[in-house]
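So the chains spell out like this:
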Amino acid sequence: MSWFKNTAGDNPHMSTQAMDSKSSQPATPPRNELRSSFDRAAFERAALETKAALEAKVKAPAEVKPAVEAKPLVSVFGASLRFKGELRADEDFTLQGRIEGSIHHSQNLTIGSDGFVKGDSRARNIIVDGTIDGDLYALESIAIRPTAKVQGNLMAPRVSIADGASFNGKIDMATAARAARSSEDRQAAAPVETAAPPERATEQVLVTGAGGA
Amino acid sequence: MSTSILGPTIRFKGELSCADELVIHGKVEGTITRTQRLTIGREGSIHANIEAAQVIIEGNIEGNVRADKSVSVTETATMTGNIAAPTVAIQQGARFNGNVDMGDVKAPKAAPPMAQRAQNGA
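Since this is a predicted model, take the numbers as computed values, not measurements.

**Looking at the overall build of chain A**
Inference 1: Counting its regular elements, chain A contains 6 helices and 13 strands.
Inference 2: With 213 residues in all, chain A has 32% of them scored as buried.
Inference 3: Across chain A, every contact between residues at least 6 apart in sequence was considered, and the portion connecting residues at least 24 apart equals 11%.

This is the structure:
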């Protein structure tokens, strides 16, 4: 291993070379200073970039393939999509396809202008631009937009129906408000399940109210 | 051609079909039919029989897959079930348990090559 130490200064040639390079350095102090300050700025920039890249990497869902990474994991329900059955979701999405069955949603649900739902939908907020044949239950609000066609009942503390929309059905805000309030207490357990069919919902809310009092 | 994406929190039970491209990152139980190009993402978990033109599997599947064109099982995939397709690719690293059938596919779209193959075989 002795030859390994040579580079540390045992070799006279090496040491003189080192001396030479050292002696040449003080000869150009301003340039050196300039370079060092420039290097520091560049280094800081590079460090920031690396940090940002690292953070982005951490935020990105574990090593998705580039093709998928370009499109983040957000739901898109295209017009050609057909569902028949029970759909559950905990993320906001806009439905442009066709669903026959029930939707259990814990966040914001938008039925797009090409969307068609045959069945009951439950969500926190519901916005309707499309066609619905069934009941809507929202914990917070329902908005029926001008292009919507709704055949069914609405149950939510806040309901809006825009001019131009077609709507046939019953609106129940009182029961929904109470149901939403009681659901807030039980939210952790079942965020969307609280909205039961309207006929029974009234009874249930009354019963729970009596039990609470 | 539009792409539909089912995010990771989507859980679906029932019949699902999509005339275009469909990417699933969530959970599906039931059947998936009449889809052009189906991708099961890494976070996707499928308990269903699948019929599509082209299937790419990166996640978990329990069920049978029948494709008119091709099935590719990537290295991140875990699959239990049978594959029936004229072209099947299973990448190294993939976990696969089941049968692969490349010759007995009912494929209306891939009819000419299949007919040729049958004639050549006979």
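**Quick notes on unusual backbone geometry**
All names here are of chain B.
Inference 1: Even without being a glycine, arginine 34 presents a positive backbone phi close to 50°.
Inference 2: Following the sequence through the fold, arginine 34 ends up in strand β4 (residues 27-40).
Inference 3: Classification of arginine 34 by relative accessible area gives exposed; the value is 67%.

**Regarding the side chain of A:Ser106**
All names here are of chain A.
Inference 1: Secondary-structure assignment places serine 106 in the loop between β3 (98-105) and β4 (108-111).
Inference 2: A relative accessible area of 9% places serine 106 in the buried class.
Inference 3: Side chain to side chain, serine 106 and aspartate 90 meet in a polar contact 2.8 Å long.

**Focus on the interface of chain A and chain B**
Inference 1: Contacts between the two partners involve 25 residues from chain A, matched on the other side by 25 residues from chain B.
Inference 2: At the junction of chain A with chain B, the criterion picks out 1 salt bridge.
Inference 3: Linking chain A with chain B are 12 residue pairs in polar contact (both at pLDDT 80 or more).
Inference 4: For the side of chain A that touches chain B, the element with the most residues is strand β1 (residues 81-89) of chain A, which contributes 9 residues.
Inference 5: Partitioned by chemical class, the residues of the side of chain A that touches chain B number 12 nonpolar, 4 polar and 9 charged.
Inference 6: Bridge count for β1(A) against strand β2 (residues 11-18) of chain B is 8 bridges, and the pairing is antiparallel. Counterpart to A:Leu87 in the pairing with β2(B) is B:Phe12.

**Observations concerning the packing of aromatic side chains**
All names here are of chain A.
Inference 1: Here the structure, examined in full by the defined rule, presents 3 aromatic pairs over all chains.
Inference 2: Here phenylalanine 77 and phenylalanine 83 contribute two aromatic rings whose centre-to-centre distance is 5.6 Å and whose plane-to-plane angle is 40°, an arrangement assigned as tilted.
Inference 3: Take phenylalanine 77: its relative accessible area is 1%, and that puts it in the buried class.
Inference 4: The exposure class assigned to phenylalanine 83 is buried, which follows from its relative accessible area of 4%.

**A few points about the nonpolar core**
Residue and element names in this part refer to chain B.
Inference 1: Within the largest apolar cluster, 53 residues are counted, with the highest numbers of intra-cluster contacts made by Leu6, Leu16, Ile24, Ile50 and Ile57.
Inference 2: With 6 residues, strand β5 (residues 45-57) is the single largest residue contributor to this core.
Inference 3: Those residues in contact with isoleucine 57 that sit more than four places away from it in its chain are Ile40, Val65, Val71, Ser72, Val73, Thr74, Ala77 and Met79.

**Looking at a nonpolar patch on the surface**
All names here are of chain A.
Inference 1: Judged by side-chain polarity, Ile161, Ile171 and Met173 come together as a nonpolar surface patch covering roughly 230 Å² of accessible area.
Inference 2: By the secondary structure assignment, isoleucine 171 is in strand β13 (residues 171-172).
Inference 3: For isoleucine 171, a relative accessible area of 36% puts it in the partly exposed group.

**What to know about the confidence of the model for chain A**
All names here are of chain A.
Inference 1: Chain-level statistics for chain A give a pLDDT mean of 72 and a share of 56% at 70 or above.
Inference 2: Under a pLDDT of 50 for its full length, residues 14-29 has, in the predicted model, 3 contacts with residues more than four places off or in other chains.
Inference 3: The low-confidence segment residues 61-72 (pLDDT under 50) makes 12 contacts with residues lying over four places distant or belonging to another chain.

**Details of the pairing of strand β7 (residues 65-73) of chain B**
Residue and element names in this part refer to chain B.
Inference 1: In terms of strand pairing, β5 meets β7 through 7 bridges, oriented parallel. If you follow isoleucine 56 over to β7, its bridge partner there is serine 72.
Inference 2: Summarising the sheet, β7 and strand β10 (residues 87-90) pair through 4 bridges and their orientation is parallel. Within β10, the residue paired with valine 71 across the bridge is valine 88.

**Thoughts on the pairing of β4(A)**
All names here are of chain A.
Inference 1: As paired elements, strand β2 (residues 93-95) and β4 share 3 bridges and run parallel to each other. Among the inter-strand pairings, leucine 95 is bridged to a residue of β4, identified as isoleucine 111.
Inference 2: Relative to strand β6 (residues 121-128), β4 runs parallel, the two being bridged by 4 bridges. Across the sheet, the residue bridging to threonine 110 is isoleucine 127, located in β6.

Criteria and thresholds
Residues numbered from 1 in each chain as written. Chains lettered and ligands numbered in written order. Predicted model: local features only at pLDDT ≥ 70, side-chain atom pairs only at ≥ 80, totals over all residues. Heavy atoms only, no water. Helix = DSSP H or I, 4+ residues; strand = E, 2+ residues; numbered from the N terminus. Buried < 20%, exposed > 50% of the residue type's maximum accessible area, 1.4 Å probe, protein only. Contact = heavy atoms within 4.5 Å. Polar contact = N/O pair within 3.5 Å; in protein donor to acceptor, adjacent residues only side chain to side chain. Salt bridge = Lys/Arg side-chain N within 4 Å of Asp/Glu carboxyl O. Nonpolar A, V, L, I, M, F, W, Y, C, P; charged D, E, K, R; others polar. Pairing = 2+ DSSP bridges. Phe/Tyr/Trp six-rings, centres within 6.5 Å; stacked < 30°, edge-to-face > 60°. Core = buried A, V, L, I, M, F, W, Y, C linked by side-chain atoms within 4.5 Å. Patch = residues over 30% accessible without salt bridge, like charges linked within 9 Å, V, L, I, M, F, W, Y side chains within 5 Å. Areas by Shrake-Rupley, 256 points an atom, 1.4 Å probe, with all protein chains shown as cover. pLDDT = per-residue confidence, 0-100.

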